[in-house]
Amino acid sequence: MLNLEVNNVTKHFGKTKALRGVNLRVNEGEVFAYIGPNGAGKSTTIRIMLGILQATSGETKVFGKDAWRDSVEIHKRIAYVPGDVNLWSNLTGGEVIDLFISLRGKADKARRDKLIDAFSLDPTKKCRTYSKGNRQKVALIAAFASEADLYILDEPTSGLDPLMEQVFQECVLEQKAKGKGVFLSSHILSEVERLCDRVGIIREGEVVEAGTLAELRHLTRYKISAKTERTIEGIDKMEGIFDITRDEGGLIFDVERANMGEVIAHISSFGIISLESAPPTLEDLFMKHYEKEV
């Protein structure tokens, strides 16, 4: 069942076209990653999902309800964490967490306390004394201590150290195991690779690729490192071969997935000593779409 569905959504700010026909979906029990550089349209998409902005055209549904018209009902079942959290300066972290949890109606004190301990947060301190990372912790604890059906997380680990990022990832995987949907906007590609079932890459307001990592990896090249008994000849004349470099006793090069079998068969004729193949990473795929701008 779909938790979230975005159909051909556009958003214009005057002459600026922030979104150009975005299509997305998030299923129950699925973690969906939304990646792209600053200004690509990620936060605009999220604000439309939350009913903060009204789309220029298209349709956004959360739990089958219209994100703009039914936002009050929808917010009863979602948890949202922004990338830059602002808190009430005179309240303590614990008071803010309790306030957010109370909006859900039912509080699980044991879970709240467990999360406070896991994120190493001192809940007795006033929010004005918190660093950016601690403000993020307050929002994350409040979100994961709530009973939500969909988590919308916009750069949620901004300001967290690597240990706390690990705690965050465990929380996401726990919600996934419970059948909850998670929409994650993140710039940490290793985090995305570990957590996400599907990925959408947005560029200049358009989703240029979307699918599972397995589906997307056919779009990039594998890196091959081969050492052979005899010098490999003729590899440069084969289809789908790129960036050949020779090292001691062998070759390193990139190869298109479609040409992999033919290339390995060719290398085998020279007597393979060692052969290593590395699949493309999400970073490879991301850079493929942005390399002209880097």
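Residues numbered from 1 in each chain as written. Predicted model: local features only at pLDDT ≥ 70, side-chain atom pairs only at ≥ 80, totals over all residues. Heavy atoms only, no water.

Asks: In this structure, what is going on with the pattern of salt bridges? I would like to understand it.
Replies: Oppositely charged side chains may form a pair once their charged atoms are brought near each other. Considering all chains together, one arrives at 15 salt bridges under this definition. In this structure, the salt-bridge partner of Asp98 is Arg112, at a minimum N-O distance of 2.6 Å. Here Asp98 is found in helix α3 (residues 93-102), whereas its partner Arg112 is found in helix α4 (residues 109-118), with 14 residues between them in sequence. The shortest N-O distance in the salt bridge between Lys178 and Glu174 comes to 3.8 Å. (Salt bridge = Lys/Arg side-chain N within 4 Å of Asp/Glu carboxyl O. Helix = DSSP H or I, 4+ residues; strand = E, 2+ residues; numbered from the N terminus.)

Asks: Looking at this structure, I do not really get helix α5 (residues 132-144). What am I missing?
Replies: Over its 13 residues, α5 runs 18 Å from end to end, which matches the ideal 18 Å to within 8%, given 1.5 Å per residue. With respect to burial, α5 is a largely interior element, ten of its 13 residues being buried. All of the buried residues in α5 are Gly133, Gln136, Lys137, Val138, Ala139, Leu140, Ile141, Ala142, Ala143 and Phe144. On its buried side, α5 packs onto β6 (78-81), α3, α4, β7 (150-154) and α6 (162-177). (Expected span 1.5 Å × (residues − 1). Buried < 20%, exposed > 50% of the residue type's maximum accessible area, 1.4 Å probe, protein only. Contact = heavy atoms within 4.5 Å.)

Asks: Which parts of the structure should I look at to understand the sheet that holds strand β12 (residues 241-247)?
Replies: Either a parallel or an antiparallel arrangement is found when strands of a sheet pair, and the pairing is made through backbone hydrogen bonds. One open sheet accounts for four strands, arranged β12-β13-β11-β14; its pairing is antiparallel. In this open sheet, the two strands that pair with only one neighbour each are β12 and β14 (272-278). Put simply, the sheet's adjacent strands are angled 15° from each other on average, direction ignored. As paired elements, strand β11 (residues 221-228) and strand β13 (residues 250-256) share seven bridges and run antiparallel to each other. The partner of Tyr222 across the bridge, within β13, is Val255. (Pairing = 2+ DSSP bridges. Axes fitted to C-alpha atoms, helices over the stretch in contact; angles between N-to-C directions.)

Asks: Sorry, what's going on with helix α1 (residues 42-49) here?
Replies: Since the α-helix turns once every 3.6 residues, residues separated by three or four places project in the same direction. When you tally the buried positions in α1, you get six out of eight residues, the bulk of the element. Those residues of α1 that fall on the buried side of the exposure criterion are Lys42, Thr44, Thr45, Ile46, Ile48 and Met49. Looking at the residues trailing α1, positive phi occurs at Gly51, about 80°.

Asks: What exactly am I supposed to notice about the pairing of strand β2 (residues 16-27) here?
Replies: The two faces of a sheet get side chains in turn, since along a regular strand they alternate between them. Pairing of strand β1 (residues 2-13) with β2 involves nine bridges; the strand directions are antiparallel. For Leu4, the partnering residue across the bridge sits in β2 and is Val26. The hairpin turn running from β1 into β2, its antiparallel successor, is two residues long, and Gly14 in that turn takes a positive phi close to 65°.

Asks: Help me out: how do you make sense of the packing of aromatic side chains in this one?
Replies: Aromatic ring pairs are reported here in terms of the distance separating the ring centres and the angle at which the planes meet. Evaluation of the coordinates by the stated rule reveals five aromatic pairs. Ring geometry for Phe32 versus Phe183: centroids 5.7 Å apart, planes at 20°, classification stacked. Note that Phe32 is positioned in strand β3 (residues 31-35) and Phe183 in strand β8 (residues 181-185), a separation of 151 residues in sequence. Here Phe32 and Phe183 have matching classes, each one buried. Between Tyr34 and Phe183, the aromatic rings sit 5.3 Å apart at their centres with planes inclined by 55°, giving tilted as the arrangement. (Phe/Tyr/Trp six-rings, centres within 6.5 Å; stacked < 30°, edge-to-face > 60°.)

Asks: Could you clarify how one ought to interpret the pairing of β12 in this entry?
Replies: Pairing geometry for β12 and β13, over five bridges, is antiparallel. For Thr245, the partnering residue across the bridge sits in β13 and is Ile252. Linkage of β12 to β13, two consecutive antiparallel strands, is achieved through a turn of two residues, within which Gly249 is found at a positive phi near 85°.

Asks: For this particular structure, what's the right way to read the layout of surface pockets?
Replies: Where empty space is left can be seen by rolling a probe of water-molecule size over the atoms. For the largest pocket, the calculated volume is near 550 Å³. Going through the elements one at a time, α2 (71-75), β6 and α5 are the ones with two or more residues in the lining of the largest pocket. Residue contributions to the lining of the largest pocket peak at four residues, all from β6. Of the residues in the lining of the largest pocket, the class split is 16 nonpolar, three polar and two charged. (1 Å grid on protein atoms, 1.4 Å probe; cavity = no way out; pocket = protein on both sides within 12 Å on 5 of 7 lines; lining within 4 Å. Points joined across faces, edges and corners; volume = space filled by probe spheres on them. Nonpolar A, V, L, I, M, F, W, Y, C, P; charged D, E, K, R; others polar.)

Asks: What's the story with the sheet that holds β7 in this structure? I'm lost.
Replies: Taking strand neighbours across the sheet as the criterion, the six strands line up as β6-β7-β8-β3-β9-β10 in an open arrangement whose pairing is mixed. The open sheet has two edge strands, β6 and β10 (206-211), and neither has a second partner. Each neighbouring strand pair of the sheet contributes to a mean axis angle of 15°, computed without reference to strand direction. As defined by bridge partners, β3 adjoins strand β9 (residues 198-203) across four bridges and the pair is classed as parallel. The partner of Tyr34 across the bridge, within β9, is Gly200. Together, β6 and β7 form the strand contacts of α5, whose direction differs from that of β6 by roughly 170°. Strands β3, β7 and β8 of the sheet are contacted by α6, whose axis makes an angle of about 155° with β7.

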